[in-house]
Amino acid sequence: MSTPALPRRTVLATGATAAGVSAVGLPTTAAARRGGRRDRVFAHGVASGDPLPDAVLIWTRVTPTAQATPGSGRGPRIEVGWEVATDPRFRDVVRSGTFATGRGRDHTVKVDVTGLDPDTWYFYRFTWDGVRSPVGRTRTAPADGAAAERLRVGVVSCSHWEAGHFAAYRHLADRDDLDAVLHLGDYLYEYGADESAVRQHHPAHEIVSLGDYRQRHALHKSDPHLAALHARVPFVVTWDDHEVTNDSWKDGAENHDEGEGGYRRRRARAHRAYDEWMPVRMNGTADLRDGSRLFRRLRWGALAEISMLDLRTYRDKMVETAAPFPAPQVQAEADDPDRTITGVQQMAWLKDSVVRDSAQWKLIGNSVMIAPLSMAQLPEDTVRLIDQVTGEHPSDGAPFNTDQWDGYTADRRELFAHIADHEVTDTVFLTGDIHSGWASDLPLDPGAYPLGGTAGVEFVCTSVTSDNIDDITGAPPRTATRAIEAGLMANNRHIKYVNFDDHGYSVLDVTPERAQMDYFVVEDKTDPDTGVHHDASWFTAAGSGVVTSAEGPVT
């Protein structure tokens, strides 16, 4: 169906114009300070997410008093009204109600609006004390089994506040052809402020407490580019590590020590803030305190089913790769069938997801790279640079990536064998995490490739802002890295495209004939008004299980 456009004055109400406005580093924007009471009360915008055929989540945060700032634990209990309509002027309100919120949930509001029509665009808003929020636009999925002609989603990850401005979000918000946005993790970063950064974190210290995590979420929701995108289309999200802390696993993390308290308590606080501040169903509901299960399925008619993974909460500790461990010992640990990245329950759920016949395309929201990656025969200096960007920790070029599926090869073999044994086709892994763009086949046997078949394909989106090789080396983009990319692809024949320099977003366009990923890059991540251009496009034809270069982006 056609996509209704927001009237211009409605778009302006989100806090960002079509031309873009500068982001600021405080939980209230300059526009909010100028804009009067509405922008002070609803300083963090509106959002929606997890569309179903008959339901969608809508979200906001209310600031009822000057003291009730995010993470403060202060402020009264209030009743917030909400409305959902088929038109932006709310002449046809189809659902409405009230929601009680207060300091116990940081004055956030999250409503699972049910009883909606499938495949329909809606508008929503909130009201408190006579003040109306900005208007958001959202939609429902097609009915289960419906012959949907197309699904088009923005794909993003790794939005480090301090590393640059969120212009990629602005350019996505300017589009009028998206059904949703997939955010594949590292929506925020836990680090303390860096005085040399493009813009500084708030709070300035590394976030550890519940109040800290709430404030960092509030900071991101204050960005006008992100606010505009949230108000434009529903999000479908998962987390990676930085939503808690770097290189996290089920019982700890690289960036956590005893002086910061128990890790599991820290993770519980981070997950609580995520549940409060993100438009997502955790444990299948919009309620708090009912669990933190994030892996879930969403269906888009008979065309696609999206399985969103959680690859941090249940994983075993990453294999250590530094001395004194020799490469053979590390590889043996990575291959240990008793180690898991998914956890037993999630693996069983994922295997069930890929064999279900409810939809043609099996889209898997995957926070860390699943394609095998060998560093053998690459120069040491090259390997060191790749390590800094991707989190690789190779020893003498050993073929593993211990923070990603290469460090849990038994799980990967089990999943790929399951796909092959059941003759599953049209499986597409959509991945973030490594601050670079990739397009790869997923060989069942990397050593025999291109013989031996594939388990599907993987498209990895680049970062919104987080550093790439050119940021680390200071070299001009698309110069020194071209040789690195060529060497890596020559060493891994199943990898067809790599971009280690650029930042931006991708757009996945799915039809019954093919799934295509278009890669778009911003020209200067430090400039909030920067332009954007198309970099590359890759598609997988239905039934092929391989990626192919496309002549240009889908129009």
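Reading the values: the criteria
Here the residue index of a chain counts from 1 through its sequence in written order. The predicted nature of this model means local features are confined to residues of pLDDT at least 70 and side-chain atom pairs, given and counted, to a pLDDT of 80 or more, with totals for whole chains, interfaces and linings taken over all residues. With hydrogens and water set aside, each side-chain value is computed from the structure's full complement of heavy atoms. Pairing of aromatic side chains here covers Phe, Tyr and the six-membered ring of Trp, requires ring centres within 6.5 Å, and sorts the geometry by plane angle: under 30 degrees stacked, over 60 edge-to-face, intermediate tilted. Strands are runs of DSSP state E lasting at least two residues, helices are runs of H or I lasting at least four, and both sets are numbered from the N terminus onward. Relative accessibility under 20% of the residue-type maximum defines a buried residue, over 50% an exposed one, and the middle range a partly exposed one, all with a 1.4 Å probe and only protein chains included. As a reminder, the over-ring test applies to NZ of lysine and CZ of arginine, requiring each to be within 6 Å of the ring centre and within 35 degrees of the ring normal. Any Lys or Arg side-chain nitrogen found within 4 Å of a carboxyl oxygen on Asp or Glu counts as a salt bridge. At least two bridges found by DSSP between two strands are what make those strands a pair. Axis geometry follows a simple rule: fit a line to the C-alpha atoms, using only the stretch in contact for helices, then measure angles between N-to-C directions, giving values from 0 to 180 degrees. In protein, a polar contact means a hydrogen-donor-capable atom and an acceptor-capable atom, both N or O and within 3.5 Å, with residues adjacent in sequence counting only if both atoms are side-chain atoms; elsewhere, any N or O pair within 3.5 Å suffices.

A. Geometry of the packing of aromatic side chains. If you walk through the whole model with that rule in mind, you get 12 aromatic pairs. With a centroid separation of 5.6 Å and 85 degrees between ring planes, the pair formed by Trp438 and Phe500 is classed as edge-to-face. You can see Trp438 sitting in strand S18 (residues 437-443) and its partner Phe500 sitting in the loop between strand S20 (495-499) and strand S21 (504-510), a full 62 residues away along the chain. With respect to class, Trp438 is no different from Phe500; both count as buried. A cation over an aromatic ring shows up here: Arg125 above the ring of Phe90, its NZ or CZ 3.9 Å from the ring centre.

B. Representation of the pattern of salt bridges. A complete count under the given rule lists 38 salt bridges for this structure. One salt bridge connects Arg299 with Glu305, and the closest N-O pair in it is separated by 3.4 Å. For Arg299, a relative accessible area of 22% gives the class partly exposed. Among the ionic pairs, Asp471 bridges to Lys525, the shortest N-O distance being 3.5 Å. Of this pair, Asp471 sits in helix H12 (residues 469-473) while Lys525 sits in the loop between strand S22 (514-522) and strand S23 (532-541), and the two are 54 residues apart along the sequence. The class of Asp471 is partly exposed, set by a relative accessible area of 31%.

C. Examining unusual backbone geometry more closely. Residue Pro203 follows His202 across a cis peptide bond; omega there is -5 degrees. Tracing the sequence through the fold places Pro203 in the loop between strand S10 (180-183) and helix H5 (210-221). Residue Pro450 is bonded to the preceding Tyr449 through a cis peptide linkage, with omega at 15 degrees. Mapping Pro450 onto the fold places it in the loop between S18 and strand S19 (454-460). Residues other than glycine seldom take positive phi values, yet Asp106 does so here, at roughly 60 degrees. Along the chain, the position of Asp106 falls in the loop between strand S4 (93-101) and strand S5 (108-113). The class for Asp106 is buried, based on a relative accessible area of 2%. The backbone of Asp119 sits at a positive phi, close to 55 degrees, despite the residue not being glycine. Tracing the backbone shows Asp119 in the loop between S5 and strand S6 (121-128).

D. Structural detail: the sheet that holds S19. Pairing within the open sheet is mixed, and its seven strands lie in the order S14-S15-S16-S17-S19-S18-S20. Every interior strand has two partners, whereas the edge strands, strand S14 (296-300) and S20, have only one. When the angles between neighbouring strand axes are averaged without regard to direction, this sheet yields 20 degrees. Here strand S15 (residues 304-308) runs beside strand S16 (residues 361-366); their pairing, made up of five bridges, is parallel.

E. Geometry of helix H6 (residues 224-232). When you tally the buried positions in H6, you get nine out of nine residues, the bulk of the element. Those residues of H6 lying buried are Pro224, His225, Leu226, Ala227, Ala228, Leu229, His230, Ala231 and Arg232. By the N-cap criterion, in which a side-chain oxygen at the helix start approaches the backbone nitrogen of a residue two or three places on, H6 is capped by Asp223, the distance to His225 being 2.9 Å.

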